[in-house]
Amino acid sequence: MTNELTAVSLFTGAGGMDIGFERAGIKVVFANELMSEAAATYNANHEEGIMVNDDINNVLVNCNNKLDISI
């Protein structure tokens, strides 16, 4: 069993809040943002993250693992 907390980030923007959560030890496993410029900035700053640049209404999040936080 791991003690690592995980989260999904919705309406992420450029991911500034995600940086704070990551520095607090929470791993962001998925991010979503509609604006392509913000999603590109997120990708530049979160190389290991999974960013889906699409309308949240078109995104299906299938998470087999328990998420601790949705931000």
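Residues numbered from 1 in each chain as written. Predicted model: local features only at pLDDT ≥ 70, side-chain atom pairs only at ≥ 80, totals over all residues. Heavy atoms only, no water.

## A look at the nonpolar core
Part 1 of the reasoning: Of all hydrophobic cores here, the largest spans 5 residues; its members are Val28, Ala31, Ala39, Tyr42 and Met51.
Part 2 of the reasoning: Counting only elements with at least two residues in this core, the list comes to strand 2 (26-33) and helix 2 (36-45). (Core = buried A, V, L, I, M, F, W, Y, C linked by side-chain atoms within 4.5 Å. Buried < 20%, exposed > 50% of the residue type's maximum accessible area, 1.4 Å probe, protein only. Helix = DSSP H or I, 4+ residues; strand = E, 2+ residues; numbered from the N terminus.)

## With respect to the pairing of strand 2
Within a regular beta strand, the side chains point alternately toward one face of the sheet and then the other, so they alternate between its two faces.
Part 1 of the reasoning: Strand 2 sits mainly inside the fold: 6 of its 8 residues count as buried.
Part 2 of the reasoning: Taken together, strand 1 (residues 5-9), helix 1 (residues 16-23) and strand 2 form a β-α-β motif whose crossover is right-handed.
Part 3 of the reasoning: Note that strand 2 and strand 3 (residues 51-53) share 3 bridges and pair parallel. Bridging across to strand 3, alanine 31 finds its partner in methionine 51. (Right-handed = clockwise from strand over helix to strand, strands pointing away. Pairing = 2+ DSSP bridges.)

## Some remarks on the pairing of strand 1
Part 1 of the reasoning: For strand 1, the tally of buried residues reaches 4 of 5 residues, placing the bulk of the element in the interior.
Part 2 of the reasoning: As paired strands, strand 1 and strand 2 are joined by 5 bridges and run parallel to one another. Directly across from alanine 7, in strand 2, lies its bridge partner valine 28.

## Focus on the environment of histidine 46
Part 1 of the reasoning: Looking at where histidine 46 falls in the secondary structure, it is placed in the loop between helix 2 and strand 3.
Part 2 of the reasoning: The residues touching histidine 46, leaving out its near neighbours within four places in the chain, are Ala14, Gly15, Asp18, Ile19 and Glu22. (Contact = heavy atoms within 4.5 Å.)

## Remarks on the environment of asparagine 43
Part 1 of the reasoning: Turning to its location among the elements, asparagine 43 is positioned in helix 2.
Part 2 of the reasoning: Spatially, the C-alpha atoms of asparagine 43 and glycine 15 are 8.9 Å apart, while their sequence positions differ by 28 residues.

## Focus on helix 2
Part 1 of the reasoning: Listed as buried for helix 2 are Ala38, Ala39 and Tyr42. The arc that holds every buried residue of helix 2, seen down its axis, measures 100 degrees, which confines them to one face. Residues Glu37 and Ala44 are exposed on helix 2 and point more than 90 degrees away from its buried face.
Part 2 of the reasoning: Next to the buried residues of helix 2 lie helix 1, strand 2 and strand 3. (Arc of directions from axis to C-beta.)

## Some points on the confidence of the model for the protein chain
Part 1 of the reasoning: Summary statistics for the protein chain give a mean pLDDT of 84 and a share of 80% for residues scoring 70 or more.
Part 2 of the reasoning: By mean pLDDT, strand 4 (residues 69-70) is the weakest element of the protein chain at 62, and helix 2 is the strongest at 95. (pLDDT = per-residue confidence, 0-100.)

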